[in-house]
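For reference, the chains in residue letters:
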Amino acid sequence: MMRCPFCQADTRVSDTRPHERGVRRRRRCEHCNRTFETYERIVVEDQLVEKRDGRTERFSRTKLRKGIEKAGAVYALAPADVDVFVERVINRLHAPAPGVPIPASTIARTVMQQLHDGRPTTDVARIRYAIVSLGQTTRSAGFRYLSGFLEWLEDEYGPRPPAAQAGTPVVVKKSGQSEPFELGKVRDSVELAAKGRGTDDTVRKLAADVAADTEREIRVHGVVTSSHIATEVLKSLFRRDPLAYLRYASAAKEYRSAADFWTDALALEAVGRGADAHPSSVGGARQQSGPPAT
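The following paragraphs examine the structure supplied in this document.

Calculation criteria
Residues numbered from 1 in each chain as written. Predicted model: local features only at pLDDT ≥ 70, side-chain atom pairs only at ≥ 80, totals over all residues. Heavy atoms only, no water. Core = buried A, V, L, I, M, F, W, Y, C linked by side-chain atoms within 4.5 Å. Buried < 20%, exposed > 50% of the residue type's maximum accessible area, 1.4 Å probe, protein only. Helix = DSSP H or I, 4+ residues; strand = E, 2+ residues; numbered from the N terminus. Contact = heavy atoms within 4.5 Å. Axes fitted to C-alpha atoms, helices over the stretch in contact; angles between N-to-C directions. Parallel < 35°, antiparallel > 145°, perpendicular 65-115°, else oblique. Left-handed = near helix turned anticlockwise from the far one by under 90°. Nonpolar A, V, L, I, M, F, W, Y, C, P; charged D, E, K, R; others polar. Salt bridge = Lys/Arg side-chain N within 4 Å of Asp/Glu carboxyl O. Phe/Tyr/Trp six-rings, centres within 6.5 Å; stacked < 30°, edge-to-face > 60°.

Time to look at the nonpolar core. In this structure, Val-186, Val-190, Ile-229, Val-233, Leu-237, Tyr-245 and Tyr-248 are the most contacted members of the largest nonpolar core, which totals 26 residues. When contributions to this core are tallied by element, the ones reaching two or more residues are helix H6 (183-193), helix H7 (200-218), helix H8 (226-240) and helix H9 (242-252). Once residues lying within four places of it in the same chain are set aside, the contact partners of Val-190 are Leu-206, Ala-207, Val-210, Val-233 and Leu-237. Core analysis: the second largest hydrophobic core is formed by 25 residues, Leu-77, Val-89, Leu-115 and Leu-134 among them.

This paragraph deals with the packing of H8 against H9. Each packed pair of helices is defined by two parameters, the angle between the axes and the distance between the axes. Between H8 and H9, the least distance of the axes is 7 Å, while the angle of their chain directions is 160 degrees. Considering the angle they form, H8 stands roughly antiparallel to H9. The two elements H8 and H9 meet at a crossing, and its hand is left-handed. Between H8 and H9, the contacting residues are Ala-230, Val-233, Leu-234, Leu-237, Phe-238 and Arg-240 on the first element and Pro-242, Ala-244, Tyr-245, Tyr-248, Ala-249 and Ala-252 on the second. Of the residues assigned to the contact of H8 with H9, the class counts are eleven nonpolar, no polar and one charged.

On inspection of all chains with the given rule, the structure shows 24 salt bridges. The salt bridge involving Asp-10 is made with Arg-3; its shortest N-O contact spans 2.7 Å. Of the residues examined, Arg-3 reaches a relative accessible area of 48% and is grouped as partly exposed. Asp-117 serves as the salt-bridge partner of Arg-119, at 3.0 Å between the closest nitrogen and oxygen. A cluster of three or more residues bridged by salt bridges with shared partners is formed by Lys-205, Asp-209, Asp-213, Arg-216, Arg-239 and Arg-240.

This brings us to the packing of aromatic side chains. Applying the stated criterion across every chain yields a total of five aromatic pairs. Note on Phe-149 and Trp-152: the rings are 6.2 Å apart at their centroids and 25 degrees apart in plane angle, and the pair reads as stacked. Highlighted residues: Phe-149 and Trp-152, both in helix H5 (residues 146-157), separated by three residues, approximately one helical turn. Using a relative accessible area of 16% as the deciding quantity, one classes Phe-149 as buried. Residue Trp-152 is classed as buried on the basis of its relative accessible area of 12%.

Fair warning: the whole summary comes from geometry, so function is off the table for now.
Listed below in structure tokens is the structure:
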């Protein structure tokens, strides 16, 4: 029996209806005759979740939060924003009935609904979340192929924009600014790293070859990062000139100590790139090994 909040006397239920917040009950006090409403719902955090493979597990606020944090990692959503999203999701989740698990797909849909707030940063988080939660390998739900993802993207964010011109990727810099890819900048940076490693013509040829390798690898992408470009430059230099590689790597990888030089130099030596080679003798050499993991 629920007590009246006004006089603490007994109350009775005059009407019960389902509501988005759970079950709504209209109550009337038998003493003061005043009415009020209460809302009841099963606490989601005490419920089980049914996963895609049929297994069940206890609902976890921590797991929900980590999923949203991971999706928003590109722009590092503020902890306060993540907390708001978590609360919104939990407040909108309703267990089907006592003891009946909540489908994981229901949680995923609710997360994506709450991340749809019109901001570019949360759009990125929402799409990243969708690729994981909807990018399934079964035919029962989600999308299996790129075509399915493109259809979903068009449904959610409007008609597709004109395709980017092939071979001219946009470079996103560390500052967040974007600019068209420029082959000349790659050549200039490699020439600087290879300065003195042969005649001027030899160094220019090395720079042109490395720039061509880099362009060939990134041209299939519409958007690349400056770090991606640096990685492709390092792959090419690793095959061609170990010292030029170390000069370029020390800046691109932001070496912090002598130990970093030791690590990469010994890796070069281990795959036979540690000889006193220079562009004139190794410019055309190509090995299958790549640079150490960055």
